[in-house]
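Okay, here's what each chain looks like letter by letter:
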Amino acid sequence: MPAPQVNGSRLMERIMALAEISPIPGGGNCRLALTDEDKLGRDLVVTWMTDLGLHVSIDAIGNIVGTWEVGSGAPVMTGSHIDTVKTGGKYDGNYGVLAGLEVIETCQQLGIAPQRPLAVAIFTDEEGARFAPDMLGSLVYVGGMSVEEALDIRAIDGPRLGDELERIGYAGSIPCPQPSPHAFVELHIEQGPILESRNIRIGAVTGVQGISWTEVTIIGQSNHAGTTPMNLRRDPVVACSEIGKFVHDLALRYSGNQVCTVGKIDIHPNLVNVVPSQVVMTLDVRNTDEGLLQQAEAEISRFIVQMAERENLVINTRTLSRFEPVVFDTRVIDIIANHASSQGNSVDYLPSGAGHDAQMLARVCPTAMIFTQSQNGLSHNPAEYTSPEDLEAGANVLLATMLTLCETSFD
Ligand code: HGY
Ligand code: MN
Ligand code: MN
């Protein structure tokens with residue numbers, strides 16, 4: 001009996017329909033977490049879930065779970081996110097959610113009756129771009145942060161998370177942590193260059209690298225740009241520039257999987273003729289090795305103290321996100337790799353450079369991920385692209401993997 005196949009064009013139709021919500025030039029989307037645009041995306045996918053006859057639940061942090069209530073016991077769950085960064089692509093997160101719906105619709109149409117319920121989750125605020133930390137909804141889902149603490153998080157534009165959840169109508173009543181799924185598998189684009197460079201169609205993901213986000217507030221003294229001699233200045237931009245260069249050079253010095261990014265800089269008062277009074281900048285530091293990540297953090301902290309002393313500044317730091325590297329369950333990884341190759345795909349193993357909701361579900365149940373290629377390794381960019389053939393191939397691996405997980409005991 002040939003393996004069941006998803007309907008690739010139906011999957012693409014849904015991906016393109018969701019991409020119509022808050023499109024940006026270049027073909028991507030801007031649906032920052034808990035904005036009106038995010039609400040519109042949520043409403044559309046909930047409609048699709050309801051049309052499929054799924055039981056739709058919304059929990060206290062706004063996670064949405066659509067469950068096809070067949071079989072018995074804890075569900076096999078897939079899912080991802082549909083919030084985006086400001087310059088997001090069509091596929092980051094969206095693909096994994098919509099492929100989950102495609103898996104269920106395919107089973108329904110082919111009369112496949114899984115032994116366990118199948119669930120598709122939309123986790124709140126995976127990106128962390130508006131409300132840090134990232135993977136917030138799945139973190140709360142598994143009990144890694146209390147609902148109360150999460151609801152009080154402030155957005156970079158000011159609002160309280162709980163108030164935004166109420167405002168968009170997704171403040172659910174189901175408490176967190178939620179019951180653990182039987183197993184979790186997330187389908188996602190790689191968002192990096194590895195699969196394409198190896199000419200591999202499917203990635204069996206071994207884990208997720210460690211993530212360290214820090215907000216650095218550098219306080220100096222505003223002054224006149226024309227009258228203030230250089231030796232009397234307390235200019236926070238000098239420290240900001242040197243910290244930016246330091247973390248870049250550190251990443252090159254560590255090489256390997258070490259990456260460092262300064263993604264956000266806010267200068268106050270941000271005027272041409274005023275020596276700034278304050279700079280707030282962010283550091284995104286990652287490594288697959290926890291020891292090296294801690295070493296990098298320690299070096300950066302020491303350098304920041306030196307900058308404060310040398311430039312006569314006050315520099316405060318605040319951790320926005322800190323997650324250790326995660327290793328996925330080899331039993332799930334093997335199921336993915338076996339299905340991928342038996343379906344005729346080239347397969348390889350790789351860690352994820354990006355954070356994903358799967359890294360949180362891995363705390364509570366057997367979990368792994370499936371990757372498909374990102375053209376030119378591009379992501380968090382409206383030009384993000386994965387071919388329909390690859391998207392369909394990934395969804396077929398997800399279908400087979402979820403059905404096998406339904407029949408797999410992990411005792
Ligand atoms: O930051 C990340 O790795 C993910 O996109 N939230
Ligand atoms: Mn993502
Ligand atoms: Mn992302």
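Cut-offs applied
- Residues numbered from 1 in each chain as written.
- Chains lettered and ligands numbered in written order.
- Predicted model: local features only at pLDDT ≥ 70, side-chain atom pairs only at ≥ 80, totals over all residues.
- Heavy atoms only, no water.
- Helix = DSSP H or I, 4+ residues; strand = E, 2+ residues; numbered from the N terminus.
- Rg over C-alpha atoms; globule rule 2.2 N^0.38 Å.
- Buried < 20%, exposed > 50% of the residue type's maximum accessible area, 1.4 Å probe, protein only.
- Areas by Shrake-Rupley, 256 points an atom, 1.4 Å probe, with all protein chains shown as cover.
- Lys, Arg positive; Asp, Glu negative; His and termini not counted.
- Charge placed at Lys NZ, Arg CZ, Asp CG, Glu CD.
- Polar contact = N/O pair within 3.5 Å; in protein donor to acceptor, adjacent residues only side chain to side chain.
- Contact = heavy atoms within 4.5 Å.
- Domains from an automatic or database assignment.
- Buried area = accessible area lost by both parts, 1.4 Å probe.
- Salt bridge = Lys/Arg side-chain N within 4 Å of Asp/Glu carboxyl O.
- Nonpolar A, V, L, I, M, F, W, Y, C, P; charged D, E, K, R; others polar.
- Near = heavy atom within 4 Å.
- Donors = N, O, S within 2.8 Å, 3.2 Å for Na, K, Ca; no water.
- Core = buried A, V, L, I, M, F, W, Y, C linked by side-chain atoms within 4.5 Å.
- Expected span 1.5 Å × (residues − 1).
- Arc of directions from axis to C-beta.

1. Topic: the overall build of the chain
- Looking only at helices and strands, the chain has 12 helices and 18 strands in total.
- In terms of overall dimensions, the chain is globule-like: its C-alpha atoms have a radius of gyration of 22 Å, near the 22 Å expected for 411 residues.
- Burial statistics for the chain: of 411 residues in total, 57% are counted as buried.
- In the form shown here, the chain has an accessible surface area of approximately 16500 Å², with 52% of it arising from carbon and sulfur atoms.
- Between the centroid of the 26 positive side chains of the chain and the centroid of its 50 negative side chains there is a distance of 5 Å.

2. Let's talk about the side chain of Thr84
- Relative to the helices and strands, Thr84 is located in the loop between strand S5 (76-80) and helix H3 (94-110).
- Within the structure, Thr84 has its side chain in polar contact with the backbone nitrogen of Arg31 (distance 2.6 Å).
- With sequence-adjacent residues up to four places away left out, Thr84 is seen in contact with Asn29, Cys30, Arg31, Leu32 and Glu127.

3. Section: the domain arrangement of the chain
- According to the domain assignment, the chain contains domain 1 (8-208 + 325-406) and domain 2 (210-323).
- Taking the mean C-alpha position of each, domain 1 and domain 2 sit 33 Å from one another.
- At the junction of the two partners, domain 1 supplies 17 residues and domain 2 supplies 12 residues.
- Roughly 940 Å² of surface becomes buried between domain 1 and domain 2 when both sides are summed, with 67% attributable to carbon and sulfur atoms.
- Looking only at domain 1, the three residues that lose the most surface to domain 2 are Ala132, Asp134 and Pro325, adding up to 45% of its buried area.
- At the surface where domain 1 touches domain 2, the tally comes to 0 salt bridges.
- Between the two partners, domain 1 and domain 2, sit 2 residue pairs in polar contact (both at pLDDT 80 or more).
- In terms of residue class, the side of domain 1 that touches domain 2 is built from 10 nonpolar, 4 polar and 3 charged.

4. What about the site of ligand 1?
- Taken together, Glu126, Glu127, Asp134, Trp213, Arg286, Ala354, Gly355 and His380 make up all the residues around ligand 1.
- Within the side chain of His380, a nitrogen or oxygen atom sits 3.4 Å from an oxygen atom of ligand 1.
- A class-by-class count of the residues in the shell around ligand 1 yields 2 nonpolar, 2 polar and 4 charged.

5. Side note on the coordination of the manganese ion (ligand 2)
- Only His81 (NE2), Asp92 (OD) and His188 (NE2) from the protein coordinate the manganese ion (ligand 2), and they sit 2.1 to 2.3 Å from it.
- One chain supplies every donor for the manganese ion (ligand 2), spaced along it as H-x10-D-x95-H.
- Here the manganese ion (ligand 3) and the manganese ion (ligand 2) are spaced 3.6 Å from one another, each receiving a donor from Asp92. Residue His81 is located in the loop between S5 and H3, and its partner Asp92 is located in the loop between S5 and H3; the two are separated by 11 residues in the primary sequence. Asp92 shares its class with His81; the two are buried.

6. Remarks on the nonpolar core
- Within the largest apolar cluster, 100 residues are counted, with the highest numbers of intra-cluster contacts made by Val45, Tyr95, Leu98, Leu101, Leu118, Leu161 and Phe328.
- Counting residues per element, this core draws most heavily on helix H12 (residues 388-406), at 10 residues.
- Looking at which domains feed residues into this core, each of domain 1 (8-208 + 325-406) and domain 2 (210-323) supplies at least three.
- Not counting residues within four places of it along the chain, the set of residues in contact with Leu161 comprises Leu34, Ile61, Phe131, Leu136, Ala150, Leu151 and Ile153.
- Among the nonpolar cores identified, the runner-up in size contains 24 residues, and Ile243, Tyr254, Val279 and Leu283 belong to it.

7. A short note on the environment of Glu311
- Secondary-structure assignment places Glu311 in helix H9 (residues 290-311).
- Note on Glu311: relative accessible area 18%, which makes it buried.
- For the pair formed by Glu311 and Val147, sequence separation is 164 residues and the distance between their alpha carbons is 41 Å.
- Aside from chain neighbours lying at most four places away, what touches Glu311 is Arg234 and Val238.
- There is a polar contact of 2.9 Å between the side chain of Glu311 and the side chain of Arg310.

8. Observations regarding helix H2 (residues 36-51)
- When the terminal C-alpha atoms of H2 are compared, their 23 Å separation across 16 residues agrees well with the 22 Å that a helix rising 1.5 Å per residue should span.
- For H2, every residue scored as buried is listed here: Asp38, Gly41, Arg42, Val45, Val46, Trp48 and Met49. Projected onto a plane normal to the axis of H2, the buried residues spread over an arc of 155° and lie on a single side.
- Close packing links the buried residues of H2 with helix H1 (8-19), strand S3 (55-58), strand S4 (64-68), H3 and strand S6 (118-122).
- Just beyond H2, the residue with positive phi is Gly53, at close to 75°.

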